[in-house]
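Working through the structure, step by step
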Amino acid sequence: MQKVLQALLDLQSVDVRLIDVRARLAKFPKKIAEVDARVAAAKAELEASKAAQLATIKDRKKYELDVEGWNEKVRKYKDQTSQIKTNEAFRALQHEVQMAEEEIAKAEDRLLEQMVASEEYDRRIKASQIALKEVEEITRVERMKIEADAAAAEKELAELNERRKRAAADISEKLLDHYDRIVKKHNGIALAEVRDEKCGACGMRVRPHVFQEMRRLGSEEMFHCETCTRILYYIEPSVSAAPAATSASASSHSES
Ligand SMILES: [Zn+2]
């Protein structure tokens, strides 16, 4: 194989890994955000329980005041009893007392409800606190793992960038530019191996005289697929290898 094609293949193998590393790196912010969101949700749950508890306490105070107010009224009505002159007025006052006592009973029922609710919110607050602690502990470990993975990916990226520089050093600027353009067009794959006289990427048949020239020892010409424009290369299968299917395993085999 031509030296320049080998250099382009090296470059492509680095580029394929670069695409993978960059894709991995792009996912880390989202992963961290997901972890943060879980902690935020647990915190919100706790805050909601606390707010509900506060509201209950407020309501309780209001109902306590209601009970006091109605009790005060009942006392007043009873004080008035001694001054009542007619049966009618007495019955009317009795009715007022009865109404007030009913209101007291209602307010006391509400008070009891609020006390039961308050106990429930106490339990909820405690459960939310435990859940938050658990989530914080789990996400702390997860965040460390994500950050370690991200650091490893960053390191790999730096190494690959170095390797790319070295691989690109043997390729002319013009060819490199050409390669990069095809890479952009084809999501990172600019070269295609010719197999069974066809482009390994798009399957287009390679013209016989082109294939012949590609196989010629000492050939300097570079060929492109007529359909997908990828740079074509051909690896001569070793004599012992079975035809076609194992051509990839002959990559170490070099005659040119
Ligand atoms: Zn093609």
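The structure displayed is predicted, hence computed values, not measured ones.

Further remarks concern the coordination of the zinc ion. Within the protein, the atoms that donate to the zinc ion are Cys-199 (SG), Cys-202 (SG), Cys-225 (SG) and Cys-228 (SG), at distances of 2.2 to 2.3 Å. For the zinc ion, the 4 donor atoms in the first shell make angles of 97 to 119° at the metal, a pattern classed as tetrahedral.

Now for the side chain of Arg-164. By the element assignment, Arg-164 lies in helix H2 (residues 87-169). A polar contact of 2.7 Å, which involves the side chain of Arg-164, links it to the side chain of Asp-15. In this structure Arg-164 touches Leu-11, Val-14, Asp-15, Leu-18, Tyr-179 and Asp-180, once residues within four positions along its chain are discounted.

To continue, consider the sheet that holds strand S1 (residues 191-195). In spatial order, the strands read S2-S1-S3; together these 3 strands make up an open sheet with mixed pairing. With one partner strand each, in any of the chains shown, strand S2 (198-199) and strand S3 (231-233) form the two edges of the open sheet. The pairing of S1 with S2 spans 2 bridges and is classified as antiparallel. When the bridges of S2 are listed, Val-194 appears paired with Cys-199.

When its domains are assigned, the protein chain resolves into domain 1 (18-167) and domain 2 (173-252). Here the C-alpha centroids of domain 1 and domain 2 sit 66 Å apart.

The packing of two helices is summarised by the inter-axis angle and the distance between the axes. Contact geometry of helix H1 (residues 3-80) with helix H3 (residues 173-185) gives a least axis separation of 12 Å together with a crossing angle of 45°. When the interaxial angle is binned, H1 and H3 end up oblique. Handedness of the H1/H3 crossing: right-handed. Only Leu-175, Leu-176, Tyr-179 and Val-183 of H3 make contact with H1, whose side of the interface consists of Val-4, Leu-8, Leu-11, Gln-12 and Asp-15.

This paragraph deals with the packing of H1 against H2. Two numbers describe how H1 lies on H2: the axes approach to 6 Å, and their chain directions differ by 165°. Classified by the angle their axes make, H1 and H2 are roughly antiparallel. Between H1 and H2 lies a crossing of left-handed hand. Tallied by class, residues from the contact of H1 with H2 come to 38 nonpolar, 12 polar and 32 charged.

By the criterion of burial, S1 is predominantly enclosed, with 4 of the 5 residues buried. Note that S1 and S3 share 3 bridges and pair parallel. Paired with Glu-193 across the bridge in S3 is Tyr-233. What sits between the antiparallel neighbours S1 and S2 is a turn of 2 residues, in which Asp-196 has the positive phi angle 50°.

Conventions adopted
Residues numbered from 1 in each chain as written. Predicted model: local features only at pLDDT ≥ 70, side-chain atom pairs only at ≥ 80, totals over all residues. Heavy atoms only, no water. Donors = N, O, S within 2.8 Å, 3.2 Å for Na, K, Ca; no water. Tetrahedral: all angles 85-135°; square planar, octahedral: opposite > 155°, others 65-115°. Helix = DSSP H or I, 4+ residues; strand = E, 2+ residues; numbered from the N terminus. Polar contact = N/O pair within 3.5 Å; in protein donor to acceptor, adjacent residues only side chain to side chain. Contact = heavy atoms within 4.5 Å. Pairing = 2+ DSSP bridges. Domains from an automatic or database assignment. Axes fitted to C-alpha atoms, helices over the stretch in contact; angles between N-to-C directions. Parallel < 35°, antiparallel > 145°, perpendicular 65-115°, else oblique. Left-handed = near helix turned anticlockwise from the far one by under 90°. Nonpolar A, V, L, I, M, F, W, Y, C, P; charged D, E, K, R; others polar. Buried < 20%, exposed > 50% of the residue type's maximum accessible area, 1.4 Å probe, protein only.

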